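The primary structure of each chain is shown beneath.
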There are 2 protein chains.
Amino acid sequence: MRIGVIGGGQLARMMALAASPLGIRVHALDPAVDACAGEVAPLEVAAFDDLIALHRFADLCNAITFDFENVSAPALNELAAVRPVRPNPLSLATAQDRGAEKALFARIETAVAPFAIIDQPQQIAAAAVSVAFPAILKTRRFGYDGKGQINVADASLLEDAYTRLGNAPCVLETRVHFQRELSLVAVRALDGEIRCYPLVENVHVNGILSLTLAPAEVTPLLAAAAERCARRVAEALDYVGVLAIEFFDVDGQLVANEMAPRVHNSGHWSIEGAVTSQFENHIRAVAGLPLGDTAAHGVSCMLNWIGDLPDRNRALTVPGLHWHDYGKSARAGRKVGHATITAPDRSTLLRRLHQAAEVLDRQAQIAPAIARLL
Amino acid sequence: MRIGVIGGGQLARMMALAASPLGIRVHALDPAVDACAGEVAPLEVAAFDDLIALHRFADLCNAITFDFENVSAPALNELAAVRPVRPNPLSLATAQDRGAEKALFARIETAVAPFAIIDQPQQIAAAAVSVAFPAILKTRRFGYDGKGQINVADASLLEDAYTRLGNAPCVLETRVHFQRELSLVAVRALDGEIRCYPLVENVHVNGILSLTLAPAEVTPLLAAAAERCARRVAEALDYVGVLAIEFFDVDGQLVANEMAPRVHNSGHWSIEGAVTSQFENHIRAVAGLPLGDTAAHGVSCMLNWIGDLPDRNRALTVPGLHWHDYGKSARAGRKVGHATITAPDRSTLLRRLHQAAEVLDRQAQIAPAIARLL
């Protein structure tokens, strides 16, 4: 069996590594000839909107998935006529549009930050009245890793912010005061079975995920609320594959921030920290296979390597540290790898994080993880 | 960094999958154009004794290792002049020759079955006197998976057995009455550090490994004896990489059977059952990196799929079951894949083995594992 992944980044790469033992071959399609999945999977080099190439690619494969959300939904729709596309184009289209996404959260009775849609300049005035400030203006489409959003301190700055975002359709959201950021990775099988990984805690820096602690320390009630939300989203969309939902923890209540219709950076810890990784479970779901156990064994801290890699050889001296080099060249702001430190319990993990902070030049990055475990 | 693996079978394949996250690329060399490592690593198709191809291959790589022991030791010696070969050719040569292997075990004061060398027909009579029967006659070289050996019930049958083995240099061993078969996988780093995986219990059928239970239930004394043996072997050979030693448990005493100078089938459970897999640790050692933690988390049972694969989709319904398809075509006696069932404790593992026996047509294979856990 062959699964075609539109996109050839690190997510496709990790899918390919997880698919191989299942007897499933991942093929990737990416416009970049040096897309990093190409090192472990056959790579078709083509633009994401090159319909002829996409069809040729689909012909090679038994099912199609994608590793990022800015794939063309109409193109996926076309492919869906000839091959199963999982998750389906509706799921992608919903996640691509912050307006549709918020409407979905509202429909399934999940709390979101107060918001208003600004599709046209005429809607600015009404939005400025209906949404409390400080707020964030986000483009409805093509946002990721903090891109396509601007903080707006008060109503007088809204028009300028809208112009700076290119007059694109936007969502204006009240800035939520949260204690922490949590996310849930879930997977839904072709037969409708849903499994959830434990809720995890994330730390973002400059809008980019810096670290994940798994599992998060949460009440059973909070965990149940997050799972209920994921379950309803997945069912509403007839979703197949891995799905991630980011939440804010606001005084012990969950407020949904956004969803990602794919394997997610906050699920990377599952490669070593869970019985079945998110990548294997995504491949299992897309291939129509039964899902694997999503339970964590022990506790984990995933550290993203952004811009460049720290010293690998020093890192590997840390017990329980698992290294992930994506095979990408260094570039400011680019996710070039990650490490997951696993441990049987929180006190051991704390000790290992201290060791990591000693040997790596990433003290500032590791400090918030240490603070959370103290 | 590139590591060249001579041999392109499932061991090279699993090395390649383990190397990728470390930022290390495995290249494989194999005479078979469809060698299964070729699906995940660049494959150089050449005969193992094609010195020109081997040199070209070595030029591509920073270090050389191998995935089976019937590589030509003189050829490796030549490559060792231009690239680090790990483990070194002496280690390979020792493991290739049951005579040299037994001499090494004797030198490091590890018990072996009483034996005699028969390099020439003239030595048969003396061997028949010095070794108690029933015995096993084994060729000194090129044996694996029960090949190249014949049971010899009494002295009168020895000459015939020797003829049937082609008058090749042989070792005649007294047949050991053992309670169980154990093995130890160890890894030695370039700086001399040695780490051992827990001792495991193996069940062979027709000379081929059928299943491994990890860890074995053994006394600390037995575990220490096995580790001492592995440590001494590795130090005596200035070994670098993963090394496996098979033992018989004879009334609570270890008798060494043989060593394998490579990652070993009885270590496959470590992919999911240990903090760091044998494949990653072998790559780390060959690359000169620090070793990873060899501790097990929970308990595991590895089941070899020999000849053909059972039904994957049914297998994946078993909780904690991890599937490994090597991408090889079915053929009698061929190792085409394995599955490792992991569990937090022995009673859960027992339950999962019962489930596996229910859904797969491998009851006879699974029964000995169940019997050992009862």
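Since this is a predicted model, take the numbers as computed values, not measurements. (Residues numbered from 1 in each chain as written. Chains lettered and ligands numbered in written order. Predicted model: local features only at pLDDT ≥ 70, side-chain atom pairs only at ≥ 80, totals over all residues. Heavy atoms only, no water.)

Helix and strand content of chain A: 13 helices and 17 strands. Expected size for 374 residues packed as a compact globule is a radius of gyration near 21 Å; at 20 Å, chain A falls within 12% of this value. When its C-alpha atoms are laid out on the principal axes, chain A stretches across 55 × 55 × 40 Å. Counting all 374 residues of chain A, 58% fall into the buried class. Residue pairs in contact within chain A that sit at least 24 positions apart in sequence constitute 62% of those at least 6 positions apart. Carbon and sulfur atoms make up 52% of the accessible area of chain A, which amounts to about 13,900 Å² in all. Mean positive and mean negative side-chain charge positions of chain A (34 and 40 charges, respectively) differ by 2 Å. (Helix = DSSP H or I, 4+ residues; strand = E, 2+ residues; numbered from the N terminus. Rg over C-alpha atoms; globule rule 2.2 N^0.38 Å. Buried < 20%, exposed > 50% of the residue type's maximum accessible area, 1.4 Å probe, protein only. Contact = heavy atoms within 4.5 Å. Areas by Shrake-Rupley, 256 points an atom, 1.4 Å probe, with all protein chains shown as cover. Lys, Arg positive; Asp, Glu negative; His and termini not counted. Charge placed at Lys NZ, Arg CZ, Asp CG, Glu CD.)

Contact with chain B, which involves 29 residues of that partner, is made by 29 residues of chain A. Counting each side, the surface lost to burial between chain B and chain A is near 2,500 Å², with a carbon and sulfur contribution of 52%. Across the contact surface, chain B and chain A share zero salt bridges. The tally of links between chain B and chain A comes to 12 residue pairs in polar contact (both at pLDDT 80 or more). A total of five residues in the side of chain B that touches chain A trace back to one element, the largest contributor, which is strand β16 (residues 321-325) of chain B. Residues belonging to the side of chain B that touches chain A are distributed by class as follows: 12 nonpolar, nine polar and eight charged. (Buried area = accessible area lost by both parts, 1.4 Å probe. Salt bridge = Lys/Arg side-chain N within 4 Å of Asp/Glu carboxyl O. Polar contact = N/O pair within 3.5 Å; in protein donor to acceptor, adjacent residues only side chain to side chain. Nonpolar A, V, L, I, M, F, W, Y, C, P; charged D, E, K, R; others polar.)

A rotation about an axis combined with a shift along that same axis relates the two copies of the chain. Superposing chain B onto chain A takes a rotation of 180° combined with a translation of 0.0 Å along the rotation axis, leaving an RMSD of 0.0 Å. Each copy turns onto its partner about a two-fold axis. Identified as the residue of chain B closest to the rotation axis by C-alpha distance is B:Val40, at 2.8 Å. In this assembly the copies share their binding face: 100% of the residues contributing to the interface of chain B also contribute to that of chain A. (Least-squares fit on C-alpha atoms with pLDDT ≥ 70 in both.)

Time to look at the pattern of salt bridges. Within the structure shown, the criterion is met by 36 salt bridges over all chains. Salt-bridge contacts for A:Asp361 lead to A:Arg362; the nearest nitrogen and oxygen are separated by 3.5 Å. On the accessibility criterion, A:Asp361 (60% relative accessible area) is exposed. In this structure, B:Asp160 engages B:Arg164 in a salt bridge whose closest nitrogen and oxygen atoms are separated by 3.9 Å. Taken as a pair, B:Asp160 and B:Arg164 lie in helix α7 (residues 158-164) at a separation of four residues, close to a single helical turn. Owing to a relative accessible area of 42%, B:Asp160 belongs among the partly exposed residues under this scheme.

Glancing now at the nonpolar core. Within the largest apolar cluster, 136 residues are counted, with the highest numbers of intra-cluster contacts made by A:Leu349, A:Leu353, B:Leu349 and B:Leu353. B:Leu349 has contacts with B:Leu213, B:Val299, B:Ser300, B:Cys301, B:Ile341, B:Ala343 and B:Leu373, leaving out every residue within four places of it along the chain. (Core = buried A, V, L, I, M, F, W, Y, C linked by side-chain atoms within 4.5 Å.)

So, on to the packing of helix α1 (residues 10-19) of chain B against helix α10 (residues 278-286) of chain B. Residues and elements named next belong to chain B. Two elements in contact, α1 and α10, have axes separated by 8 Å at closest approach and are oriented at 75°. One way to sum up the angle between α1 and α10 is to call them roughly perpendicular. Of the residues in α10, those in contact with Leu11, Met14, Met15, Ala18 and Ala19 of α1 are Phe279, Glu280, His282 and Ile283. Across the contact of α1 with α10, the residue classes break down as seven nonpolar, one polar and one charged. (Axes fitted to C-alpha atoms, helices over the stretch in contact; angles between N-to-C directions. Parallel < 35°, antiparallel > 145°, perpendicular 65-115°, else oblique.)

Next up on the list: the side chain of B:Asn88. All names here are of chain B. Mapped onto the elements, Asn88 comes out in the loop between α3 (73-80) and α4 (89-96). For Asn88, a relative accessible area of 19% puts it in the buried group. Of the polar contacts made by the side chain of Asn88, one reaches the backbone oxygen of Leu237; its length is 2.8 Å. Setting aside anything within four residues of it in sequence, one finds Asn88 in contact with Leu237 and Asp238.

Residue and element names in this part refer to chain B. Secondary-structure assignment places Leu11 in helix α1. As a C-alpha pair, Leu11 and Asn265 span 254 residues in sequence and 8.4 Å in three-dimensional space. Setting aside residues no more than four positions away along its own chain, Leu11 makes contact with Asp67, Arg262, Val263, His268 and Phe279.

Moving on, we come to the pairing of strand β1 (residues 2-6) of chain A. All names here are of chain A. Within β1, four of the five residues are buried, leaving the element largely enclosed by the surrounding structure. Following the chain from β1 across helix α1 (residues 10-19) to the adjacent parallel strand β2 (residues 25-30), one finds a crossover that is right-handed. The pairing of β1 with strand β4 (residues 63-66) spans four bridges and is parallel. Pairing of Val5 across the sheet is with Thr65, part of β4. (Right-handed = clockwise from strand over helix to strand, strands pointing away. Pairing = 2+ DSSP bridges.)

Time to look at helix α4 (residues 89-96) of chain A. Within α4(A), six of the eight residues are buried, leaving the element largely enclosed by the surrounding structure. The elements touched by buried residues of α4(A) are β4, α3 (73-80), α5 (98-107) and β14 (253-260) of chain A.

Bringing the domain arrangement of chain A into the picture now. All names here are of chain A. Its domain assignment divides chain A into domain 1 (2-85), domain 2 (114-174) and domain 3 (180-373). Summarising the inter-unit geometry, the C-alpha centres of domain 1 and domain 3 are found 23 Å apart. Buried area between domain 1 and domain 3, summed over both chains or domains, comes out near 1,600 Å², and the portion from carbon and sulfur atoms is 73%. With a closest N to O distance of 2.5 Å, Glu69 and Arg262 form a salt bridge. Connecting domain 1 to domain 3 are five residue pairs in polar contact (both at pLDDT 80 or more). Of all the elements in the fold, those that place two or more residues in the side of domain 1 that touches domain 3 are α1 and β4. By residue class, the composition of the side of domain 1 that touches domain 3 is 13 nonpolar, two polar and three charged. (Domains from an automatic or database assignment.)

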